[in-house]
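Geometric and topological summary
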Amino acid sequence: MIDADDVIARIARHGRVESWGPTAAPIDDVVVCWSATAEAISAAAGTATLLICRAHPLSASPTRWDPGQLVEGDSWDARSAGDAVIDAKRALIASSGIAIAWAPAWWDLERSRSLAYVVAGRPDAPVRVVPGGDGAVLVDITPTPFGGLVDRLMTECGARHALTTGDDSTVATRVGCVAGIASPDQIAALVDAGAEAIVAGETVEWEGAPFLQDLHASGRHVVFAALGTATTEQLANAALARRIAEDFPALRVRAISHADPTWTPEDLG
Amino acid sequence: MRSITGRDVVERIVADIERRGFAWDAETIDGFKAGDPDRPVRGIASTWMATQETLAAAVAVGCDLVVTHEPTFWDHFETPPAGAAHPWYRTKRDWIASRGTTIWRFHDHHHMAFPRDPVLDAFFDRLGWLPGTSGNSVTARTELPPVRLGDLARQMSAALGTRVVRVIGAPTQVVSRIGYGIHDLASALDAARDCDVVVVGELREWDAFEYFRDAGALGRDVALIVISHAALETWGSTALVPWLAQLVPEIPVRSVLAPEPYVLRRAAI
């Protein structure tokens, strides 16, 4: 029999894991999902399931913009105490009977690489890790106008919106990929490595965005698209689920994705 | 008559702040960021973000002292990505020097050294919300006549002149009490507790979006409206002009708008 702790111990080799629920109990199923949403927990409630996620189930809020390294705010417990949503989520987790593991570093194994495969349109595309890019990767694609590339990515990733900078007609052949948040340092490393376009989850608007604007003003017309942190990071779910399935063939393992929860006034018609 | 320099201008700013009973905090990111503070100034531009494009616009209208709210070198603490030896940093610094421009950042004290936060008040005023707003800065609360969330988002988009308005919550949800946050979930929690909708200019997606996604499922119908950082704060830089002009009557003072960095792209249906 395999219990949740067996799987947690395996993924904990790659970094920090925090867990909730009956982790010493046997499990039949593993669900890999970027966010342990109330909906996902409710759907699995009452089953012998381990749910593995990257977004903290109780929204513990880091205090620093450190891509790839989560640093919890020392004021989070105080700030969230008595919060109705956090308390309700806590109660749901407790009553669900399932085990939940928060494993942010584990996602780094496949995070930006999975995005790069989608950008290239091939699951076997050669992907290069950029030196000094803190996990950012480069992938070469057939020459594609940036606007068309973004439209395709939005469809394939399930993004309802993208925030972009640069000209739609710019043709990209080398694309930098950062699933999740792209820091100016990562953007700089990608541009230094020859990226003509960068696809990320989000960037810091008062740091990353003006950096891109200034590159453009200085003649380096790098185009950029932010598709959403959840949207880009959850592309890794399937590859991560395969890792679990290979290590634990007796378990049923599945990856689930969540829809983009946002809308804009224009979406209303 | 002796020419006025950038240093003279800042001395008058600091003197006025201190005269009104506020201290000038030495531990601040406010200060000269580029150029020569002792160079005579012909005109002052107030802007939200000193991108190269914005600086060029300032030069074009005869302004060689730029008062900017946000960083010049792409990092909140002005530590440029890839370091000060990197060509891009040198490119922008050399460009600034070649135009004889001096840049002074006014961020911390812009928010704190007035009886009310003028940056947020300018935002409330732009929306026509000042009469219904009590409290100060991000702890403020705005009471409006009940309005559907979808209509509120449309109104905000039109008043702010931006398409970058993303919402989590049911469009038909009726809201009337608005709270605010800074750029992370922790800052928005207080507002989430006692308001129908929280408005934030730039918000980290990876904790905040999940909180608001869960809120509805957990029986707490608090909505989230995320606009760009620029759409929140650019009005404050425009509103600064009359104050600067009365401190420095000898030379023109102008507002130079920094363009919003992003274009919002919607998924093809």
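Parameters and conventions
Starting from 1, residues in each chain are numbered consecutively following that chain's sequence as written. Following the order in which they are written, the chains are lettered starting with A and the ligands numbered starting with 1. In keeping with the predicted nature of the model, local features appear solely for residues at pLDDT of at least 70, side-chain atom pairs appear and are counted solely at 80 or more, and the whole-chain, interface and lining totals rest on all residues. For side-chain calculations, the full set of non-hydrogen atoms in the structure is used, while hydrogens and water are omitted. For each structure, a 1 Å grid was placed over the protein atoms alone; sets of points admitting a 1.4 Å probe that cannot get out are labelled cavities, open sets with protein on both sides within 12 Å along at least five of seven lines are labelled pockets, and lining residues have an atom within 4 Å of a point. Grid points are joined across faces, edges and corners, and a volume is the space filled by probe spheres set on the points. Under the DSSP-based scheme used, a helix requires at least four consecutive residues in state H or I and a strand at least two consecutive residues in state E, with every element numbered from the N terminus. Just so you know the grouping, Ala, Val, Leu, Ile, Met, Phe, Trp, Tyr, Cys and Pro go in nonpolar, Asp, Glu, Lys and Arg go in charged, and all remaining residues, Gly too, go in polar. For this analysis, residues touch if any pair of their heavy atoms sits within 4.5 Å. Within this document, salt bridges are pairs made up of a side-chain nitrogen of Lys or Arg and a carboxyl oxygen of Asp or Glu, the two lying within 4 Å of each other. When DSSP finds two or more bridges between a pair of strands, those strands are recorded as paired. Between the N-to-C directions of two axes lies an angle of 0 to 180 degrees, each axis being a line fitted to C-alpha atoms and, for a helix, fitted only over the stretch in contact.

**Some details on the layout of surface pockets**
Each pocket or cavity is described by its volume, and for the second largest pocket that value is around 220 Å³. Taken together, 13 residues make up the lining of the second largest pocket; nearest its centre are Thr165, Gly166, Gln213 and His216 of chain A together with Glu53 of chain B. By residue number, the principal contributor to the lining of the second largest pocket is helix α9 (residues 208-217) of chain A, which donates four residues. Across the lining of the second largest pocket, the residue classes tally to six nonpolar, five polar and two charged.

**Remarks on the interface of chain A and chain B**
On the side of chain B, 65 residues touch chain A, which itself brings 69 residues to the contact. Our count for the contact surface shared by chain A and chain B stands at seven salt bridges. In this structure, aspartate 83 of chain A engages arginine 193 of chain B in a salt bridge whose closest nitrogen and oxygen atoms are separated by 3.5 Å. Residue assignment for the side of chain A that touches chain B shows that the elements contributing at least two residues are α3 (76-80), α4 (84-96), α7 (146-157), β7 (161-165), α8 (184-192), β9 (197-203), α9 and α10 (229-233) of chain A. Per-element tally for the side of chain A that touches chain B: the top contributor is α9 of chain A, with seven residues. Its residues placed into classes, the side of chain A that touches chain B shows 35 nonpolar, 19 polar and 15 charged. Pairing of β7 of chain A with strand β12 (residues 263-266) of chain B involves four bridges; the strand directions are antiparallel. Following the sheet pairing, alanine 162 of chain A is matched in β12 of chain B by arginine 265 of chain B.

**Side note on the sheet that holds strand β1 (residues 31-34) of chain B**
All names here are of chain B. Pairing within the open sheet is mixed, and its five strands lie in the order β1-β4-β3-β2-β11. Two strands bound the open sheet, and with one partner strand each, they are β1 and β11 (253-255). Sheet twist, expressed as the average angle between the axes of neighbouring strands with direction ignored, equals 30°. Sheet analysis places strand β2 (residues 44-47) next to strand β3 (residues 65-68), joined by four bridges and oriented parallel. When the bridges of β3 are listed, isoleucine 44 appears paired with leucine 65.

**What to know about empty space enclosed by the protein**
Enumeration according to the criterion identifies five cavities of 30 Å³ or more in this entry. Quantified by volume, the largest cavity comes out at close to 200 Å³. Looking at the largest cavity, it is lined by 22 residues, and the ones nearest its centre are Leu227, Gly228, Thr231 and Asp260 of chain A together with Glu205 of chain B. Counting only elements with at least two residues in the lining of the largest cavity, the list comes to β7 and α10 of chain A together with α8 (205-217) of chain B. Broken down by element, the lining of the largest cavity gets its largest block of residues, five residues, from α8 of chain B. Broken down by class, the residue content of the lining of the largest cavity amounts to 10 nonpolar, seven polar and five charged. Looking at the second largest cavity, its volume works out to about 140 Å³. At the level of secondary structure, the elements contributing two or more residues to the lining of the second largest cavity comprise β9 of chain A together with β10 (223-227) of chain B. Tallied by class, the residues present in the lining of the second largest cavity amount to eight nonpolar, two polar and six charged.

That is the geometry; function is a separate question.
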